[in-house]
Amino acid sequence: MSARGAVGSMMAATLVSRALGFAKAILLVAAIGGTSTAVAGQTFEIANSAPTYLFALIAGGVLGAVLVPQIVRNLHAGSSGQEDTDRLLTIILIGGAGATVVLTLCAPGIVWIYATTWSAPWLGLATSMAYWCLPQIFFLITFAVLSQVLNARGVFGAPAWAPAISNVVGIGGILVFLVALPSGLGDAGTWTPLMIAVLSGAATLAIAVQSFLLLIPLRRIGFRLRFRWGFAGLGHMSPLAGWTLSGVFASQVAYLLTANVASSAGESLNQLGIDGPSLNSLSIAYLLMLLPHGIVTVSLTTALYTRMSGAAARNNFAEVESLSNLALRPVAYVSLAAAAVFLAVGPILTEAIFGTPLIGHLLQVLAVGLVGFSQAYVLNRTSFTLQDARGPFITQLTIAVLSAAGALAAAILLPPQLTVIGIAAGISIANIAGWSTAHVLLRRTFRKRGHESEPAAVWGLTRLLATAMISAAAGLATTTIIGTPASFIGRALIFLLAALIVSGVFVGISWLLGDRTIKDLRR
């Protein structure tokens, strides 16, 4: 499949998957709540997000940074390369299984480190949920390994569509919970073992299904994993893996601090009887903010990553930069357009679908840093193809330090009602700083490889930024003049009208200023 076809397939799959994930989030909020008034919404957020963050800490960054470039190189090394691939996958899968067992047994301690200030009933409920959720770690590792193997072989569709089917399974579990079990909006003491098993077990089943689905395309391409023990041929990967793990570790430390500050604020608001943003509110807002990132940025970068790795292996650094820029330009365009929409209609959107504007206010703040988040992602992946993980580590460290500083400042300076808003502001500032850091470090890496990279297109980015600000202002003016209707249909119509105005103004002004990115996106 061509790169254009691969991108189109992944974008379609990601769009469906994100839409289903969006539907799942709506049902989850209906089942267990999305703000500080709901106990289970907050405890399930800790239990169900812990596997994702632990997976990232154990292997997530290394798998993405190391596996595809290494497998691409192994493909050109004949039988010895296949043996190296077998050893690499054996170490990851067996080690991941052992780590999952140990971490599941440590569920009480894991929950506590994410919410150290919670009361015993809250910790108990979160721990019971975590016992069901933590086995996801192994299935996340398996999915990451198998999808990277498929990507390295040029197969992109199956890994992109598997999460969509996973979301269908997750939606089914939540629907069973809503229809067959008591309300999950009560206190911690109202939760029964069956309620915990259905909600949390369905979440883990969905991740397991996502992993098992990839066995089908692997068999079709003739891939057979032979378990081989040893580290022969893998020594040259150690520095890259070490830098990558260090960056992931820094990010997880920052998240630990963020989770503790946000969860503490959430319980405080709950005890005061105040409906305010909590950790689960932040996670839902982040999910919405990442919709354009997942559909465009990840799809483009994933499709081009194998080609960049191949060009880097041939020391064709001009092609690596060209492929990277091929992703950076449309990513900036889409990110800034999406940010303008979120700034204009975030509260109306979340009030319509979740019944509260609080999540929308968080979305507005997070949207400010969306372009930085997506640009840094592309730049870091480009560095990985050059076998440079030190630059991405420094980028992640910058983001982690600033995010943690923002969380600390929010905890010290702001009341509980504004604490999570302050955390979101810190995240946006950190993402913009990370973008700048990644750009400078990638140019330095190219220079060390003997390639002088092109200067940044500052005027083009400034033009798009100004366009986004004007577009957002047009949308805000629309919602302010019309107001917020009381009915769901009225809110939905205002959202659609304002979103269309923002998008139209953005496309129109950017075109008048000479930007033709929209033509590339339409192809």
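About the cut-offs
Residues numbered from 1 in each chain as written. Predicted model: local features only at pLDDT ≥ 70, side-chain atom pairs only at ≥ 80, totals over all residues. Heavy atoms only, no water. Helix = DSSP H or I, 4+ residues; strand = E, 2+ residues; numbered from the N terminus. Buried < 20%, exposed > 50% of the residue type's maximum accessible area, 1.4 Å probe, protein only. Contact = heavy atoms within 4.5 Å. Expected span 1.5 Å × (residues − 1). Bend = angle between axes of the 7 residues up to and from the residue. Patch = residues over 30% accessible without salt bridge, like charges linked within 9 Å, V, L, I, M, F, W, Y side chains within 5 Å. Areas by Shrake-Rupley, 256 points an atom, 1.4 Å probe, with all protein chains shown as cover. Salt bridge = Lys/Arg side-chain N within 4 Å of Asp/Glu carboxyl O. Lys, Arg positive; Asp, Glu negative; His and termini not counted. Charge placed at Lys NZ, Arg CZ, Asp CG, Glu CD. Polar contact = N/O pair within 3.5 Å; in protein donor to acceptor, adjacent residues only side chain to side chain. Phe/Tyr/Trp six-rings, centres within 6.5 Å; stacked < 30°, edge-to-face > 60°. pLDDT = per-residue confidence, 0-100. Core = buried A, V, L, I, M, F, W, Y, C linked by side-chain atoms within 4.5 Å. Axes fitted to C-alpha atoms, helices over the stretch in contact; angles between N-to-C directions. Parallel < 35°, antiparallel > 145°, perpendicular 65-115°, else oblique. Left-handed = near helix turned anticlockwise from the far one by under 90°. Nonpolar A, V, L, I, M, F, W, Y, C, P; charged D, E, K, R; others polar.

**Examining the overall build of the protein**
Thinking step 1. Summing up its helical and strand segments, the protein has 20 helices and zero strands in all.
Thinking step 2. Looking at the protein as a whole, 56% of its 523 residues are labelled buried.
Thinking step 3. If you take every contact in the protein between residues at least 6 apart in sequence, the share linking residues at least 24 apart comes to 84%.

**Re helix α12 (residues 291-313)**
Thinking step 1. Taking 1.5 Å of rise per residue, the 23 residues of α12 would be expected to cover 33 Å, and the 32 Å separating its terminal C-alpha atoms lies within 8% of that figure.
Thinking step 2. Along α12, the sharpest kink reaches roughly 35 degrees, centred on Tyr305.
Thinking step 3. The buried fraction of α12 is high, at 19 of 23 residues.

**Re unusual backbone geometry**
If a residue is not glycine, its phi is most likely negative; likewise, a peptide bond is most likely trans.
Thinking step 1. One non-glycine residue, Asn315, lies in the positive phi region at around 60 degrees.
Thinking step 2. In this structure, Asn315 sits in the loop between α12 and α13 (317-354).
Thinking step 3. What makes Asn315 exposed here is its relative accessible area of 54%.
Thinking step 4. One non-glycine residue, Gln387, adopts positive backbone phi at about 60 degrees.

**Structural notes on a positive patch on the surface**
Thinking step 1. A cluster of basic residues, Arg390, Arg444, Lys448 and Arg449, forms a positive patch on the protein surface.
Thinking step 2. You can call Lys448 exposed: its relative accessible area is 62%.

**Quick look at the side chain of Thr445**
Thinking step 1. For Thr445, the location among the structural elements is in helix α17 (residues 416-448).
Thinking step 2. By relative accessible area, which is 8% here, Thr445 ends up buried.
Thinking step 3. At 2.9 Å, the side chain of Thr445 forms a polar contact with the side chain of Asp388.
Thinking step 4. Aside from chain neighbours lying at most four places away, what touches Thr445 is Leu386 and Asp388.

**A closer look at the pattern of salt bridges**
Thinking step 1. In this structure the tally under the stated criterion is two salt bridges.
Thinking step 2. Across the pair Glu319 and Arg314 runs a salt bridge, and its minimum N-O distance is 3.0 Å.
Thinking step 3. We classify Glu319 as partly exposed; its relative accessible area is 24%.
Thinking step 4. Note that Glu351 and Arg491 form a salt bridge whose closest N and O atoms lie 3.2 Å from each other. You can see Glu351 sitting in helix α13 and its partner Arg491 sitting in helix α19 (residues 488-512), a full 140 residues away along the chain.

**As for the packing of aromatic side chains**
Here the distance between the centres and the angle between the planes together describe a pair of aromatic rings.
Thinking step 1. A full pass over the atoms with the stated rule returns nine aromatic pairs.
Thinking step 2. Ring geometry for Tyr333 and Phe506: centres 5.1 Å apart, planes at 80 degrees, overall edge-to-face. With Tyr333 in helix α13 and Phe506 in helix α19, the pair connects residues that are 173 residues apart, well separated along the chain.
Thinking step 3. Overall, Tyr333 belongs to the buried group, its relative accessible area being 3%.
Thinking step 4. Looking at Phe506, the relative accessible area reads 2%, which means it is buried.
Thinking step 5. One aromatic cluster is present, formed by Tyr53, Tyr114 and Tyr255 through successive ring pairs.

**Section: helix α16 (residues 390-413)**
Helical geometry: 3.6 residues make up each α-helical turn, so side chains three or four residues apart lie on a common side.
Thinking step 1. Along its 24 residues, α16 runs 34 Å from first to last C-alpha, staying within 8% of the 34 Å computed at 1.5 Å per residue.
Thinking step 2. Of the residues making up α16, those classed as buried are Gly391, Pro392, Phe393, Thr395, Ile399, Ala400, Ser403, Ala404, Gly406, Ala407 and Ala410.

**Digging into the confidence of the model for the protein**
Thinking step 1. On average, residues of the protein score 87 in pLDDT, and 90% of them reach the 70 mark or higher.
Thinking step 2. Looking over the protein, one finds the lowest element-wise mean pLDDT in helix α20 (residues 517-522), namely 67, and the highest in helix α5 (residues 120-133), namely 97.

**Observations regarding the nonpolar core**
Thinking step 1. In terms of nonpolar packing, the biggest core is built from 87 residues, with Tyr114, Met129, Leu134, Phe177, Trp191, Leu282 and Ile423 touching the most fellow members.
Thinking step 2. Considering every element that reaches this core, the biggest residue donor is helix α6 (residues 136-152), with 10 residues.
Thinking step 3. Beyond its immediate chain neighbours, meaning those up to four positions away, Trp191 contacts Ile32, Ala40, Leu125, Met129, Phe177, Gly184, Gly186, Ile196 and Leu199.
Thinking step 4. One finds Leu300, Leu304, Leu328 and Ala344 within the second-largest nonpolar core, a separate group that totals 41 residues.

**Thoughts on the packing of α13 against helix α14 (residues 358-367)**
Thinking step 1. The interhelical angle for the contact between α13 and α14, taken along N-to-C directions, is 160 degrees, at an axis separation of 7 Å. Comparing their axes, α14 and α13 come out roughly antiparallel. As α13 packs across α14, the resulting crossing turns out to be right-handed. Contacts between α13 and α14 pair Ala339, Phe342, Leu343, Gly346, Pro347, Leu349, Thr350 and Phe354 from the former with Ile359, Gly360, His361, Leu363, Gln364 and Ala367 from the latter.
Thinking step 2. The residue inventory of the contact of α13 with α14, partitioned by class, reads nine nonpolar, five polar and no charged.

**A word on the packing of helix α11 (residues 279-289) against α13**
Thinking step 1. Two elements in contact, α11 and α13, have axes whose closest approach is 12 Å; the angle formed by their N-to-C orientations is 120 degrees. Taken together, α11 and α13 sit at an angle that is classed as oblique. In this structure, the crossing between α11 and α13 has a hand that is right-handed. Contacts between α11 and α13 involve Ile284, Leu288 and Met289 on the former and, on the latter, Phe342, Thr350 and Phe354.

**Section: the environment of Trp122**
Thinking step 1. Positionally, Trp122 belongs in helix α5.
Thinking step 2. In this structure the C-alpha to C-alpha distance between Trp122 and Gln42, which are 80 residues apart in sequence, comes to 8.9 Å.
Thinking step 3. When sequence neighbours within four positions are dropped, the list of residues in contact with Trp122 reads Val39, Gln42, Thr43, Glu267 and Asn270.

**Examining a nonpolar patch on the surface**
Thinking step 1. A contiguous nonpolar patch, built from Leu408, Ile412, Leu413, Leu414 and Leu418 and spanning about 500 Å² of accessible area, is present on the exposed surface.
Thinking step 2. At three residues, the largest contribution of residues to the nonpolar patch is made by α16.
Thinking step 3. Counting through the fold element by element, Leu413 comes out in helix α16.

**Considering the side chain of Thr419**
Thinking step 1. Considering the arrangement of structural elements, one finds Thr419 in helix α17.
Thinking step 2. Residues contacting Thr419, with those up to four places away along its chain left out, are Val261, Ala265, Ala410, Ala411 and Leu414.

**A closer look at the environment of Asn380**
Thinking step 1. Assignment of secondary structure puts Asn380 in helix α15 (residues 370-385).
Thinking step 2. Residue class for Asn380 comes out buried when judged on its relative accessible area of 12%.
Thinking step 3. A sequence separation of 54 residues divides Asn380 from Gly434, and the C-alpha atoms of the two residues are 10.0 Å apart.
Thinking step 4. In this view, Asn380 contacts Pro392, Thr395 and Ala438; residues no more than four positions away in its chain are not counted.

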